[in-house]
Each structure stands twice: as structure tokens, then as C-alpha cells.
Amino acid sequence: MSANSQPTHKNVVIDLSASPHAKLRSVPVSAVSLEGGYWGDRFRTNAETTIPYEFEMIEEDLFDKFRLAADPAHQPDEPPSPHYRAREANIFRWLEAASFALSHDPDPGLEDLIDRALDIIEPVQDDDGYLHANMAPISLRHLRWSHEDMNELYAAGHLIQGAIAHRRTTGDDRFIKIAVRVADHIHTIFGAGDKEWRPSHPVIEMALVELYRETHDRKYLDLACYFIDHVGTSGMEEIAGHSVVVTFLLCGVIDAYAETGNPAYLETSEKLLRNMVEEKMYVTGALGGRRNGEAMGQPFELPHEHAYAETCAAIGSAMWNWRLLHVDPDARYSDLMELHFYNSVMCGVSLDGKKFFYDNPQSSCGHGYFDPWRVGEMQRGRDYESYRNWIGAPTRQDWFYVDRPEPKHMYRVACCPPNLARTLAELPAYYYSTSEAGVWVHMYNNSTLDWQLEDGTPVAIVQRTEYPWDGRIEIEVKPEQAVEFSVFVRIPGWCRSATATAAGEALAATPGEYL
């Protein structure tokens with residue numbers, strides 16, 4: 001992988017360095033080393049096992065599809081069915097995960113996998129910048145941007161996010177050039193603001209805000225705000241609908257607030273967060289009690305055995321609360337973030353990193369939900385009992401629906417595995433932030449922050465702890481030179497009491513606040 005240019009800044013996940021309404025600044029993934037412990041072990045498994053394994057699954061699932069899309073002789077009469085339309089985003093999520101996984105150590109093998117993925121993506125892009133494998137053939141051009149359910153914006157959003165991660169980590173412009181052409185094409189379609197359109201699944205909003213931060217081209221921020229406003233975000237009175245859709249939308253809302261300061265964005269987000277926490281969230285932090293529509297249902301509609309609780313929804317809320325934390329430094333956001341990570345995100349992947357949950361029932365009687373009257377769903381060669389166990393398995397699966405006439409994996413869109421992979425690859429950035437006043441400590445694990453204060457003074461923060469198995473945490477602060485600054489340490493809201501000392505002096509430590 002050759003670097004064509006150097007990145008404009010370190011490999012942050014969200015670049016708040018020039019965001020006028022952000023009160024905290026995020027730190028780069030590469031600035032934080034997780035050293036063993038609960039999260040260090042999972043971070044290593046993700047990099048060494050999960051990401052290479054997912055490449056194998058995605059290669060089997062999607063590479064032929066992209067090659068066919070780039071073949072001028074391939075001219076189908078009609079587009080794929082809805083079941084096939086969302087999955088190409090998996091390769092872009094994987095690229096984001098793989099790019100951030102390069103943050104700490106060179107890995108020529110992983111760099112080669114990234115290049116192989118880009119090699120099959122690049123030829124699909126049309127002359128006008130359009131890139132969507134489902135609608136690439138000339139025979140389907142008349143259907144482009146004809147219906148929201150084609151998931152064109154959904155895939156494009158993940159493509160843009162993957163490209164930004166790739167450039168920020170590697171300095172290579174190859175992928176970001178593809179992404180900018182995609183974004184410019186989308187702007188030609190929607191930039192005038194006169195096309196009636198609701199993105200089928202939000203992600204394009206936060207992707208466009210981040211592209212604005214990366215390129216400083218205002219049109220991307222304006223387009224993100226158009227999509228946010230067009231779905232009536234500011235008029236929402238309760239959190240409802242598809243649990244991943246709404247949490248991903250609200251990530252984009254807070255990203256846009258950090259840049260614009262639009263008070264309606266923050267007010268709506270706060271209102272919906274309160275509604276979610278007080279009435280629509282499991283005590284585990286899981287979201288989406290209604291299987292029908294993978295949705296948040298009525299207040300307190302939180303069944304256990306039939307909970308949907310999609311892994312991606314918990315990830316969406318963790319990302320949302322992380323963004324809220326940076327515009328309003330309140331420990332309740334980091335408490336929620338931690339709750340999600342421990343109890344409703346990590347349940348989605350096995351300890352060996354090769355098996356996954358899509359939905360996460362909060363209790364099990366030995367098999368998942370299955371409707372015996374939907375006999376048309378039964379696959380050839382399976383008897384009733386084996387199919388019942390296959391479609392509603394209460395155990396993690398090695399993958400989900402593969403794009404073949406005879407799928408060998410249980411039916412789900414495989415969004416959760418690469419979403420988990422990218423979240424774990426980005427996890428170090430969630431541990432710390434900076435502000436003009438100093439350094440903020442949000443999460444706990446044996447770790448080292450090697451970064452700088454906002455005045456440019458290099459500083460290291462070292463954590464030593466057995467958390468979450470033990471509540472004792474030692475934090476050593478090592479600035480390169482004598483300088484006065486504050487260290488804000490989160491006291492978890494779940495603990496009944498806490499004590500803190502600095503240089504032998506007792507400090508007031510209140511659960512649910514930053515010390």
C-alpha cells in the first residue's frame with residue numbers, strides 16, 4: 001500500500017478539532033494502547049482473528065457480485081430483490097474496521113486484503129461518480145435514485161466512512177478519491193433540495209458531516225442537514241421505529257449540531273434519549289423490544305424471550321452517546337456508553353471472534369422464535385425441527401445469509417459482524433478526550449494515552465486496573481514538561497460509593513459525575 005499523500009490529521013474517528021460547538025476533542029485511535037485486560041484481549045482478537053475472518057466471509061458473499069457489476073456484458077432485466085440490496089455496505093464497514101486496525105502496528109497481510117477489496121470496488125464506479133453494485137449495469141440506470149429501498153445512500157454512507165478511516169490511517173488517497181466522487185454525485189442529485197427523498201437507513205448524514213470535516217467543503221455539511229431535516233427530525237416527540245435507523249440518524253444529528261449549533265438538533269436528541277432510557281431500553285442497554293420491524297415499540301414493550309435487541313442498535317446508541325459526550329461533557333453519556341459496550345455490544349461476538357449474534361434475546365428456552373406456518377421459508381432438504389433450530393438458533397452463528405441461490409448460513413443481513421469489527425477497531429478512541437482545561441478519562445482498562453494537550457504539550461496517561469473485575473484504578477499522569485492542567489475522571493454511575501486520592505490527598509468522588 002503506497003501513501004500518495006499524508007493525512008491532514010491523526011486517525012481520529014470523528015474529527016472535532018475545528019468543530020465550533022464541540023466542548024471536547026476526540027483523540028486518535030493510534031494514540032491509545034489497550035494493554036491486556038478485558039478490552040485489550042478483545043481488541044487483539046478483533047484485529048488478529050475477526051477482521052481477517054470477516055474478509056473471507058465477505059469475499060465469498062460479495063466479490064463475485066462486484067465483479068459482475070463491473071462487467072459491461074452483464075445486463076439484467078430487473079434489480080435484485082430487497083433481500084439483496086443492503087449487503088454491499090458490509091465491504092465498506094469492513095474496510096473501515098481494517099483501516100483502523102492498522103493504527104498501531106504495520107500488517108502487510110491486512111494491507112493486501114484492503115487493496116484486494118479496493119480492486120473489486122473501483123471498477124464499479126461510473127463516470128459520473130455513481131457507485132452501487134446493485135444498480136451498476138447500464139440496463140438498470142433508469143432505476144437509479146428511483147426508490148429509497150434501493151439502499152443507495154446507505155451503502156454510500158458506509159463507503160464514505162470507510163474511505164475517511166483509510167485515508168486518516170494510511171495517508172493513501174486512493175479510496176477517498178472514490179468517496180469524494182460518490183459524494184459529489186449525490187450532491188448533484190439532492191443538492192438543490194427539491195427531491196422528495198428519505199434515506200432508507202441513515203448513515204449518510206454522519207458520513208457527509210465527517211467528509212466536510214475532512215475536506216472543508218461546506219456542501220457536504222449542508223447536504224447532511226438537508227437529509228436530517230427532510231425526515232422531520234426536529235418534530236420527533238418519541239424515539240420510535242427501527243432501532244438502528246433511529247440511533248444512526250441521531251449520531252448524524254449530533255455531528256451536525258457540533259458544526260452548526262442548531263439548537264433544535266440538540267434539544268431533539270436530548271428528548272429522544274430521555275424517552276429511550278426511561279421507557280424503551282432494557283437494563284442491559286439493549287434496544288428494540290419489538291421483533292416486527294426490528295423496532296422500539298410502545299413504552300415498556302420490552303419482552304425477554306422475543307426481544308430483538310439487535311447488536312447494531314446497541315452500537316448505534318454507544319456512538320450516539322459518545323457524540324453527545326463531546327458536545328455536553330456529562331457522565332451520564334459515558335455511563336450509557338459503558339453499559340452498551342459491556343452488556344449489549346460484546347454479547348454479539350464470541351470470545352474466539354468468529355461467531356455472531358444479530359438479535360440478542362434477553363432470555364432463551366433453547367430455541368429462538370420461529371413461525372411454523374411460514375412453510376415457504378423452509379429450505380430444501382431440511383425437516384421441520386432442523387429448520388426451526390437453524391432459523392431461530394439460540395447460539396451465535398458463523399455468518400449470516402450469503403448471496404447464493406442455496407444459502408448455507410441462516411437468513412439475516414450480515415451487518416452486525418462488520419459493525420462489531422469496526423467498533424472494536426475504533427474502541428481506543430472512546431477512552432479519552434481533551435479540552436482546553438485538560439484530559440478526560442471516560443473508560444477503564446490497562447492502557448496508555450500518548451497524545452498532547454490542546455496547547456501542544458505532549459502528555460501520557462497510564463491506567464493500571466483489573467476493571468471490571470476489580471474497582472481499583474490507578475492513573476499516572478506524565479506530561480513532558482511542567483504544566484498546569486486538569487484530569488477529569490469519570491466516577492461510574494452504577495457504583496454506590498467511591499473514594500479518590502491524588503498525591504495522598506482525598507478528593508470528593510461522586511458516582512455519576514466526573515471527578
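Computed from a predicted model, the values in this text were never measured in an experiment. (Residues numbered from 1 in each chain as written. Predicted model: local features only at pLDDT ≥ 70, side-chain atom pairs only at ≥ 80, totals over all residues. Heavy atoms only, no water.)

1. A look at the sheet that holds strand E1 (residues 25-26)
Read from one edge to the other, the open sheet built from five strands follows the order E1-E5-E6-E10-E13, with strand pairing classed as mixed. Both edges of this open sheet fall to E1 and strand E13 (513-514), since each of them pairs with a single strand only. In the packing of helix H11 (residues 331-345) onto the sheet, the strands contacted are strand E10 (486-491) and E13, and the crossing angle to E10 comes to about 55°. (Pairing = 2+ DSSP bridges. Helix = DSSP H or I, 4+ residues; strand = E, 2+ residues; numbered from the N terminus. Contact = heavy atoms within 4.5 Å. Axes fitted to C-alpha atoms, helices over the stretch in contact; angles between N-to-C directions.)

2. Regarding the packing of aromatic side chains
Counted according to the given criterion, the structure contains 24 aromatic pairs. Measuring from ring centre to ring centre gives 5.3 Å for Phe190 and Phe227, while their planes differ by 65°; the resulting arrangement is edge-to-face. Of this pair, Phe190 sits in helix H5 (residues 174-190) while Phe227 sits in helix H7 (residues 218-230), and the two are 37 residues apart along the sequence. Geometrically, the ring pair formed by Tyr308 and Tyr358 is edge-to-face, given 5.9 Å between the ring centres and 80° between the ring planes. (Phe/Tyr/Trp six-rings, centres within 6.5 Å; stacked < 30°, edge-to-face > 60°.)

3. What about the pattern of salt bridges?
The full count for this structure, using the stated rule, is 32 salt bridges. Between Glu476 and Arg464 there is a salt bridge, and its shortest N-O distance comes to 2.7 Å. Residue Glu476 is located in strand E9 (residues 473-479), and its partner Arg464 is located in strand E8 (residues 458-465); the two are separated by 12 residues in the primary sequence. By relative accessible area, which is 41% here, Arg464 ends up partly exposed. Bridged by salt links that share partners, the residues Arg167, Arg168, Asp173, Glu210, Arg213, Glu214, Asp255, Glu259 and Arg323 form one connected network. (Salt bridge = Lys/Arg side-chain N within 4 Å of Asp/Glu carboxyl O. Buried < 20%, exposed > 50% of the residue type's maximum accessible area, 1.4 Å probe, protein only.)

4. A few points about the packing of helix H9 (residues 263-280) against helix H10 (residues 311-327)
Taken N-terminus to C-terminus, the directions of H9 and H10 make an angle of 130°; their axes are 12 Å apart at the nearest point. One way to sum up the angle between H9 and H10 is to call them oblique. Considering the relative orientation of H9 and H10, their crossing is left-handed. Facing Leu266, Ser269, Glu270, Leu272, Leu273 and Met276 of H9, the residues of H10 in contact are Ser317, Trp320, Asn321, Leu324 and Val327. Tallied by class, the residues present in the contact of H9 with H10 amount to seven nonpolar, three polar and one charged. (Parallel < 35°, antiparallel > 145°, perpendicular 65-115°, else oblique. Left-handed = near helix turned anticlockwise from the far one by under 90°. Nonpolar A, V, L, I, M, F, W, Y, C, P; charged D, E, K, R; others polar.)

5. Concerning the sheet that holds strand E7 (residues 447-452)
Ordered by their spatial adjacency, four strands build an open sheet running E2-E7-E8-E9, and the pairing between neighbours is antiparallel. The two strands at the open ends of the sheet, each matched to only one other strand, are strand E2 (32-34) and E9. For this sheet, the mean angle separating the axes of adjacent strands, direction not counted, is 10°. Note: E7 against E8, six bridges, orientation antiparallel. Residue pairing across strands places Gln452 opposite Pro458, the latter belonging to E8.

6. What about the pairing of E7?
Summarising the sheet, E2 and E7 pair through three bridges and their orientation is antiparallel. Bridge pairing links Val32 to Leu449 in E7. Between E7 and E8, which pair antiparallel and follow one another directly, the connecting turn spans five residues, one of which, Gly456, has a positive phi of 95°.

7. Considerations on helix H8 (residues 243-260)
The end-to-end C-alpha separation of H8 is 26 Å, in line with the 26 Å expected for 18 residues at 1.5 Å each. Of all 18 residues in H8, 16 are buried, a share of seventy percent or more. Just downstream of H8, Gly261 is the residue with a positive phi angle, here 70°. (Expected span 1.5 Å × (residues − 1).)

8. Notes on the side chain of Asp359
Locating Asp359 in the fold gives a position in the loop between H11 and helix H12 (384-391). Within the structure, Asp359 has its side chain in polar contact with the side chain of Arg291 (distance 3.3 Å). (Polar contact = N/O pair within 3.5 Å; in protein donor to acceptor, adjacent residues only side chain to side chain.)

9. Considering the confidence of the model for the chain
Overall, the predicted model of the chain reaches an average pLDDT of 90, with 89% of residues at or above 70. Every residue in residues 1-8 scores below 50 in pLDDT, and together they form 25 contacts with partners more than four places removed in sequence or on other chains. (pLDDT = per-residue confidence, 0-100.)

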